[in-house]
Amino acid sequence: MWIPTEHEKYGVVIASFRGTVPYGLSLEIGDTVQILEKCDGWYRGFALKNPNIKGIFPSSYVHLKHAGVKNKGQFEMVIPTEDSVITEMTSTLRDWGTMWKQLYVRNEGDLFHRLWHIMNEVLDLRRQVLVGHLTHDRMKDVKRHITARLDWGNEQLGLDLVPRKEYAMVDPEDISITELYRLMEHRHRKKDAPAQASSHHLFVELKSLMCSNLGEELEVVFSLFDSRENRPISERFFLRLNRNGLPKAPDKPERHCSLFVDLSSGELRRDIYITVHIIRIGRMGAGEKKNACSVQYRRPFGCAVLSIADLLTGETKDDLILKVYMCNTESEWHQIHENIIKKLNARYNLTGSNAGLAVSLQLLHGDLEQIRREYPSVFSHGVSITRKLGFSNIIMPGEMRNDLYITVERGEFEKGGKSVARNVEVTMFIVDSGGQTLKDFISFGSGEPPAGEYHSFVLYHNNSPRWAELLKLPIPVDTFRGAHIRFEFRHCSTKEKGEKKLFGFSFIPLMQEDGRTLPDGTHELIVHKCEENTNLQDPTRYLKLPFSKGLLLGTSSLATKTTKESFWITSFLCSTKLTQNGDMLDLLKWRTHPDKIPGCLSKLKEIDGSEIVKFLQDTLDTLFGILDENSQKYGSKVFDSLVHIINLLQDSKFHHFKPVMDTYIESHFAGALAYRDLIKVLKWYVDRITEAERQEHIQEVLKAQEYIFKYIVQSRRLFSLATGGQHEEEFRCCIRELLLSVRFFLSQESKGAGPLSQSQAVFLSSFPAVYSELLKLFDVREVANLVQDTLGSLPTLLHVDETLQAVKLQCIGQTVESQLYTNPDSRCILLPVVLHHLHMHLRQQKDLVACAHILSNVFCLSKKNSSEKSVLEEIDVIVASLLDILLRTILEITSRPQASGAATRLHFQDVTGEFVACLLSLLRQMTDRHYQQLLDSFSTKEELRDFLLQIFTVFRILIRPEMFPKDWTVMRLVANNVIITTVLYLSDALRKNFLNENFDYKIWDSYFFLAVIFINQLCLQLEMFTPSKKKKVLEKYGDMRVTMGCEIFSMWQNLGEHKLHFIPALIGPFLEVTLIPQPDLRNVMIPIFHDMMDWEQRRSGNFKQVEAKLIDKLDSLMSEGKGDETYRELFNSILLKKIERETWRESGVSLIATVTRLMERLLDYRDCMRVGEVDGKKIGCTVSLLNFYKTELNKEEMYIRYIHKLYDLHLKAQNFTEAAYTLLLYDELLEWSDRPLREFLSYPTQTEWQRKEHLHLAIIQNFDRGKCWENGIVLCRKIAEQYESYYDYRNLSKMRMMEASLYDKIMDQQRLEPEFFRVGFYGKKFPFFLRNKEFVCRGHDYERLEAFQQRMLTEFPHAIAMQHANQPDETIFQAEAQYLQIYAVTPIPESQEVLQRDGVPDNIKSFYKVNHIWKFRYDRPFHKGPKDKENEFKSLWVERTSLFLVQSLPGISRWFEVDKREVVEMTPLENAIEVLENKNQQLKTLISQCQTRQMQNINPLTMCLNGVIDAAVNGGVSRYQEAFFVKEYILSHPEDGEKIARLRELMLEQAQILDFGLAVHEKFVPQDMRPLHKKLVDQFFMMKSSLGIQEFSACLQASPVHFPNGSPRVCRNSAPASMSPDGSRVVPRRSPLSYPAINRYSSSSLSSQASAEVSNITGQSESSDEVFNMQPSPSTSSLSSTHSASPNVTSSAPSSARASPLLSDKHKHSRENACLSPRERPCSAIYPTPVEPSQRLLFNHIGDGAMPRSDPNLSAPEKAVNPTPSSWSLDSGKEARSMAESGRLLSPPVPPRPALTASPARHMAPVSPSPAGRSPLKGPGQSFTPSPVEYHSSGLLSNSPVLSGSCSSGISSLSRCSASEISGFENPVNEPSAPAPGSGSGYGAPEEPARRDSKTPPPYSVYERTVRRPVPLPHSLSIPVTPEPPALPPKPLAARPGALENGTRRTEPGPRPRPLPRKVSQL
């Protein structure tokens, strides 16, 4: 049976449990669980990380922990009773763990590793705390380390700042908000600005001295030197080095490490230096022999200097090498360091180039105890302490020092009868009063133990030596009296004996006879001469002698012969026990000289403060002893002396002696009667304040009143103890009289900063310190009344001194902080006067910082005693006095402009934050009664209205993000809890007082606005929190957004008809609230929109305003990331349900549907925009949204905004053409007017004309960059018209030049034709704007199907590519997935005018083929009926699908949706006709390109010829004969007669083209390919035999093929003219077979016999380049065609593989591709052939090439080369459409030749349209080689005639001509042309047999009117260049006169129509 647990409530999982049992709860190690029930070794409960899932788990898997339980029962909450620091560590580490892994994912390696180390440290410290074996101090230290690391990690991870008190987290509910604010601010400031240390310490460690010429022991002395004052500031650090330059005692670190302590911040300057003096111990001369002298001397060696500024950067100098300078002149040794500092070191030598002193230095900051904690390694091994000279800046009371510093300065000695100067050594001894030499009291420095004697270093031959050696004599105080120092002088001989001969001595006593010690300063001592063997052990023999020259001058009776030699020393005493001051001694010995008392008291002020504090207790005893002796006589002087001493302790240097005085008062003071005199004198001073002119001394008295009152109170207590409390009332009366005098002088008013106000300020600054003393004698309430009266007497005038005002507030603040105020009894007395003064200051907006501080303290105390009844009364007083002024103050300071300075801004923030905390504290402590009293206190509704507006405004300010730092979430949550509680109280007042007839819009609007921004606060969005943080917030405060949302709904319902005032103003704010992802909040708020619709419907009969506002706000809010799909569904369902019974339901449903559709698009748009790079999805989504705003919503401003967003996307993606079309949408909305336009987006304020001009120029620029120059030209003309109309000729000129440059670019620059792809997006997982729709996309440059498919799959990584082209079924449409169906389609140009016109350069036509395309085509081959295995063409049908777009491409997007589709089927015969037409056109193109040398090599023509001829020989075209020319087919399909005839014509035409192609091929074929050419010729004759063709002349009547020799205009980049079988005109016809598929072919496309030869050919690109003098293509990819047909189009064996449009080209022949330049790429347009009506029927269903198709002209290997989808053409009557052929290399654009106006004639003999007058060449042509096999050419002219034909590589019409009329390559230049004008250029009848006999194939006759850049040829191919082009060959004689007339009319052609781009309105 499950039993609820009593004690087992909380535990930690110690082993993972998988929960495999029924109702089992899965747990992981470390999870914390709350236990609800237990049963037989099992617990039932839940993991705290997921409290919603409950289950059972074994009790053995859980370690129980102590915990407390709140709210026992169903909703109980368990709180662990462990240390709060442990709890915080656990939860923090859990949060960090998750974020730590995210750091790794985000590749933030540095923080990742640092956090890892910190987490390990915290875990280790946590273990130490859990073990519980730490001492109290150690535990405190560990917690400090833990919290420091937790705070660091939280800051680095952007987590919240944790308020702490003594290292433990505080609960905001347990302390006042003002205290919480202070804790947060303290931690924030501590984090921002670490406190500056006041004391600093220098750590020095000597490593070694590196010098090559050592060999002697050394002494090294470190000290700190102030170069500004030229004096040392520290003691010396002394250490000894051995002969190797290493420390002599390496095992004792204190001997070679030292810490220079107590450096002040002012001493961290650049002019403080570390000086190092090095003394050697050895022979007198450094180079003397070892046996010269055995005596050791101290001799100067070298010096080093380092500025302390090098250490201020904070870096440790581990291996610093100091340069050591040797002293060359020993007389300067005493100042060598000064000279080095002054850069006068040129006179000194370095000890060596690699020599130096190796030291380690580090500057440490903080007091010494802190350094010991933070740098334990420095102290653990031992370190010597080197003090500053004298006392430190702060003298501590317990400090015991008695150090006498002696500096051996210099001496003046006589030669002593010698010829050279002496080598003087000074020896120093300390001798006590008994004549004994003191041992161990001479200290050389901190690193060496003290010694008994001192030997100076010796300066060689110097009678005026200067030593300047500092020694410290730590002599005990009891030894000081009677002791003296003796200096003995010896001459050190340099002879072998090395004797030291005594020749004199000096001495000086340490204490004078009157008890004063040796005064500080320099002393000149007498050198007493003596014999060498004089015994100085008995000091009595010389102590009676004079010791100082100063004394000698005063006593002239003594002999003067001893004064010639002198010795100087400097002394400095640092003692806490001895004094050098005689006045001090006189005062302390006042009883021996009573007559000196007045003088001593007067001189006390002149005595140095350090002397007084050294003898503080003795001095005070002396003063009070004198007072007791004669108070009448000395009372005033003793009082003044006491005041001087008290004020002396206010100095920061002696501040630490205050506890000494406190101890004295408590324990040693014995003046029981002193209080009377002290009160009397104090009152006397106070009474004369108002009269005295000079008040400096009075102010000194007032400043000391704290300790004066301490003495008074202690004296009275001593008196009461002694007398049993006598004269108590008298004492109280004296105190009252004293305070009465104080109140009188405080009440005096003085204008400005006069002496009186200064005295008042001095009194107030120290008065609060008196409270605690008065409480020792008086009752609390009595003292409170005294203080209240005193503070109440202060003047409140506005013009009083500002300093006094500040001090007054300071006094009040100290009063609030005092012990007196903490007592509730006294607080109720003091609070009114405190609040009165605060109110006065706040009203004046002065001293706000002090006011805020005081208020904070007031509320802190109120919270601590919040349970008491008195606090409620205090809150009443505070509310009545301060609430209103507090609100006004916050409004005032937050409305001020903030200063720019960081310090000022921080100060402003502190003041604001503290006032806000005070307000929040007050509001939180207010109860229902307080709120009711507050609301009742307003006498009128206007006052209440003003108050509510004020408090709502303040609340809005408190909600601002900048109110608190971003990591103060705790503070923000507390503030929000207070705000929502207050708003709930005030909303009742709003309902009761401001509804119905008293309705006030402003206050209601303020209320709703506050509620909305409250809900939208970032700190309340719980969804963004971690689970643990969210759980804590919900447990403590709940979801405050829902509470406020319910309140909004309730208040809205109360408005009634007044709701109309807020429609539509509140729609946006409420919409923003509903977008918050909180289900409860949404359910509450969304119905308000129904209410708004209802009321708007009642008012105006519609809700257009609601709709408009909803739409406007939705866009801005959703673009900010708000809202989701759930909201869209909820919005739709709730509102639809609400309006079911409304009369306006239909319009409501329409509105909801519109808004819902907008949400769908906006959500899609936002999701797309989150992707990093620009892709089609973003652009498509923006287009969808843009169109929605225009078509469905008609929101012009939003429409324009999204135009510019789309424009920016296009620019980023470099879609310049689309960018231009996009900007054109905005341009079309503007007119050429002067209407002013406001500033909008990036546009300034300007006129409409100016903006339209700017747009035009931007659009032209983008059309230019997108190579869409034709569109740019139209815009250039438009803006030029405007310039012209305004006579702005300057800009007109620029525009005309720009237009001209665009024309040049059309003719000169190459444009790549894009490929087009149809994409279907199927499945519900696609965004709304794509879902189950199909689009046609314009590919990027060089982008083929495979690359496009890969790009789409990258953009939609979850999509599945469909592998067929069939329309998907419904299951795919409804699938919860993404399916992509992609295949290539062919563009069908809408306009054929330019494309059909002859003579238009291909550069121009290329634009019209792929621009303004609405229609696209795709073909799918299939078999209908039984398939003939022998001949598949009989049943091969084609399904042709036409796609029509909603907009033409290119446009504002690279893809547009398919609007409709049409499907037709083509019969096998129509299919065959189209295949042959395409193949013929391809052959013509290649032949034309070869003739005009547009090819770099002949390989493409070779392979195409091989493919057709070889296929024909092996079956090929004969398959068509077998399929369609048999009797059976003709009888069964009588309607196909004309089509069969057309097929026969095409077959014959193909034979003629092949015949001529072989002739051209022979002309250009390289030598190594001759065998292949011969093979092709042989196979061609076999092919003709198989077709039954013997001679072409026999077939002329059936299918005439003519070659018109017209004179078309040819541009610089022109290509050959088209060849047409119609004879009367050029028929440009393009189809997939029209183009060379160079990159499609491999050697396998040739017959097996020739494959090796072709492979050889493809490697000859270099030789081909030589022949044609052309450069190869830079890359193969640059030649990839977007419109070429693949060979598999004509495959005779279609299969499923070839039928799939998704299969890509993988068989490109890269070596062949490299042979073509981009300019050889033919463009793709189709030109309908003008045929008779009967023939047009044949073309209506001619297939397109997007799918494979069978072509019998291809050999078997060629059929299998490439299964890439391509395009086929369709000619439909007059309206021919362009098409795209996938994956082909194109030749350069070729302009078509202008068409003849004659009607098409299939049986007409052609006539030449060029008479002699028009012919640029003269003279008859040279005879042509009669046989194609034997044909030879001597070369091509660089300006020889070229084919002029269509851009889809048409070739000139075939023509029959005689051998003598071919082209005349070698004609004389000036011979006249043969035909005369009007006579025609036809052939006579006799010439026909000759042609038939010779069987010469009809040549192509071509010419080019202008060749701008001649192409030089190799010498073997070149012919002399003629000035005029060669004459054109005549055309065959026309069969009918009409043709001749047409030909004649062509001699004078009319002006050719200008090929205009389409209008801008169509763009």
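Explain the packing of aromatic side chains here, please?
The relation between two aromatic rings is expressed through the spacing of the ring centres and the mutual angle of the planes. Evaluated as defined, the whole model comprises 70 aromatic pairs. Both rings, one in phenylalanine 238 and one in phenylalanine 444, keep their centres 5.7 Å apart while their planes meet at 40°; by these two values the pair is tilted. In this pair, phenylalanine 238 is assigned in strand β14 (residues 237-241) and phenylalanine 444 in the loop between β24 (424-431) and β25 (453-455), connecting sequence segments 206 residues apart. Note on accessibility: phenylalanine 238 and phenylalanine 444 belong to one class, buried. Ring plane angle 90° and centroid distance 5.6 Å describe the contact between phenylalanine 413 and phenylalanine 503, whose orientation is recorded as edge-to-face. With phenylalanine 413 in the loop between β23 (402-412) and β24 and phenylalanine 503 in strand β28 (residues 500-509), the pair connects residues that are 90 residues apart, well separated along the chain. The two residues phenylalanine 413 and phenylalanine 503 agree in class, both being buried. Among the aromatic side chains, those forming a connected cluster through ring pairs are Phe952, Phe999, Tyr1001, Trp1004, Tyr1007, Phe1008, Trp1052, Phe1062 and Phe1070. Just above the ring of tyrosine 707 sits the side chain of lysine 710; from NZ or CZ to the centre is 4.5 Å. Against the face of tryptophan 1437 rests lysine 1424, its NZ or CZ located 3.9 Å from the ring centre.

In this structure, what is going on with the sheet that holds strand β15 (residues 257-264)? I would like to understand it.
Within a beta sheet, neighbouring strands are joined by backbone hydrogen bonds and run either parallel or antiparallel to one another. Spatially, the 5 strands line up as an open sheet ordered β18-β21-β11-β15-β22, and their pairing is mixed. Only two strands of the sheet have a single partner each, and these edge strands are β18 (317-322) and β22 (384-386). Strand-to-strand twist across the sheet, computed as the mean angle between neighbouring axes with direction ignored, equals 30°. With 4 bridges connecting them, β18 and strand β21 (residues 356-365) associate as antiparallel partners. For isoleucine 321, the partnering residue across the bridge sits in β21 and is alanine 358.

Could you clarify how one ought to interpret the pattern of salt bridges in this entry?
For side chains of opposite charge, pairing can occur when their charged atoms come near one another. The full count for this structure, using the stated rule, is 96 salt bridges. Note that glutamate 216 and arginine 280 form a salt bridge whose closest N and O atoms lie 3.1 Å from each other. One end of the pair, glutamate 216, is in the loop between β11 (199-210) and β12 (217-226); the other, arginine 280, is in strand β16 (residues 272-282), and 64 residues separate them in sequence. In this structure glutamate 216 comes out as buried when scored by relative accessible area, which is 10%. As a salt-bridge pair, glutamate 1299 and arginine 1296 come within 3.2 Å of each other at their nearest N and O atoms. You can see glutamate 1299 and its partner arginine 1296 sitting in helix α46 (residues 1289-1308), 3 residues apart, about one turn around the helix. Owing to a relative accessible area of 9%, glutamate 1299 belongs among the buried residues under this scheme.

How should the nonpolar core be read in this particular structure?
Across soluble globular proteins, you tend to see nonpolar side chains buried next to one another. If you look at the biggest cluster of nonpolar residues, it comprises 305 residues, and the most contacted ones within it are Tyr711, Phe915, Trp1004, Phe1008 and Phe1070. Once you skip the residues sitting within four places of it in the chain, tyrosine 711 turns out to touch Leu620, Phe624, Leu642, Ile646, Met661, Tyr664, Ile665, Phe669 and Leu678. Core analysis: the second largest hydrophobic core is formed by 58 residues, Val221, Ile406, Val424 and Val527 among them.

Got a minute to help me understand the sheet that holds strand β27 (residues 484-492) in this structure?
With respect to topology, 5 strands assemble into an open sheet ordered β25-β24-β27-β28-β30, the strand pairing being antiparallel. Lying at the two open borders of the sheet, with one neighbouring strand each, are β25 and β30 (528-529). For β27 and β28, the ladder comprises 9 bridges, and the chain directions are antiparallel. For glutamate 488, the partnering residue across the bridge sits in β28 and is phenylalanine 505.

What's the story with the environment of threonine 1485 in this structure? I'm lost.
Relative to the helices and strands, threonine 1485 is located in helix α51 (residues 1468-1491). Relative accessible area serves as the criterion here: at 0%, threonine 1485 is assigned to the buried category. The spatial distance from the C-alpha of threonine 1485 to the C-alpha of leucine 1501 is 9.4 Å, given a sequence separation of 16 residues.

Is there a simple way to explain unusual backbone geometry in this structure?
Peptide bonds are, in most cases, trans, and in most cases residues other than glycine have a negative phi. Across the junction of isoleucine 1063 and proline 1064, the peptide omega takes the value 10°, indicating a cis bond. The residue proline 1064 is located in the loop between α34 (1040-1055) and α35 (1067-1074) in this model. Across the junction of leucine 1449 and proline 1450, the peptide omega takes the value -5°, indicating a cis bond. As for its position among the elements, proline 1450 is in the loop between β39 (1436-1449) and β40 (1455-1466). In this model, aspartate 40 sits at a positive phi of 50°, which is unusual for a non-glycine residue. Along the chain, aspartate 40 falls in the loop between β3 (32-39) and β4 (42-47).

What am I meant to see in the packing of helix α42 (residues 1196-1213) against helix α43 (residues 1216-1227) here?
The geometry of a pair of packed helices is captured by two quantities: the angle between their axes and the separation between those axes. In contact at an axis separation of 8 Å, α42 and α43 are set at 165° when each is read in the N-to-C sense. Comparing their axes, α43 and α42 come out roughly antiparallel. The handedness of the crossing between α42 and α43 is left-handed. The residues of α43 that touch α42, namely those facing Tyr1199, Ile1200, Ile1203, His1204, Leu1206, Tyr1207, His1210 and Leu1211, are Phe1216, Glu1218, Ala1219, Thr1222, Leu1223, Leu1225 and Tyr1226. For the contact of α42 with α43, a count of residues per class yields 11 nonpolar, 3 polar and 1 charged.

What is the right way to read helix α18 (residues 705-723) from this model?
Helical geometry: 3.6 residues make up each α-helical turn, so side chains three or four residues apart lie on a common side. Here α18 spans 26 Å end to end across 19 residues, near enough to the 27 Å set by a 1.5 Å rise per residue. Among the residues trailing α18, glycine 724 stands out with phi positive, at a value near 80°.

When you look at the side chain of glutamine 1378 in this model, what are you seeing that I'm missing?
With respect to the helices and strands, glutamine 1378 occurs in the loop between α48 (1370-1373) and β37 (1379-1388). A distance of 3.0 Å separates a polar side-chain atom of glutamine 1378 from the backbone oxygen of lysine 1325. In this structure, glutamine 1378 is in contact with Tyr1322, Lys1325, Phe1326, Phe1356, His1358, Ala1359 and Ile1360, ignoring residues within four places of it in sequence.

Help me out: how do you make sense of the pairing of strand β35 (residues 1333-1338) in this one?
In the case of a regular strand, side chains alternate between the two sheet surfaces. Counting buried positions over the 6 residues of β35 gives 5, a clear majority of the element. The pairing of strand β34 (residues 1316-1322) with β35 spans 6 bridges and is classified as antiparallel. Paired with arginine 1318 across the two strands is valine 1336, which belongs to β35. The pairing of β35 with β40 spans 3 bridges and is antiparallel. Residue pairing across strands places valine 1336 opposite phenylalanine 1456, the latter belonging to β40.

Reading guide: rules and limits
Residues numbered from 1 in each chain as written. Predicted model: local features only at pLDDT ≥ 70, side-chain atom pairs only at ≥ 80, totals over all residues. Heavy atoms only, no water. Phe/Tyr/Trp six-rings, centres within 6.5 Å; stacked < 30°, edge-to-face > 60°. Helix = DSSP H or I, 4+ residues; strand = E, 2+ residues; numbered from the N terminus. Buried < 20%, exposed > 50% of the residue type's maximum accessible area, 1.4 Å probe, protein only. Lys NZ or Arg CZ within 6 Å of the ring centre and 35° of its normal. Pairing = 2+ DSSP bridges. Axes fitted to C-alpha atoms, helices over the stretch in contact; angles between N-to-C directions. Salt bridge = Lys/Arg side-chain N within 4 Å of Asp/Glu carboxyl O. Core = buried A, V, L, I, M, F, W, Y, C linked by side-chain atoms within 4.5 Å. Contact = heavy atoms within 4.5 Å. Parallel < 35°, antiparallel > 145°, perpendicular 65-115°, else oblique. Left-handed = near helix turned anticlockwise from the far one by under 90°. Nonpolar A, V, L, I, M, F, W, Y, C, P; charged D, E, K, R; others polar. Expected span 1.5 Å × (residues − 1). Polar contact = N/O pair within 3.5 Å; in protein donor to acceptor, adjacent residues only side chain to side chain.

By themselves, these observations are geometric and do not establish any function.
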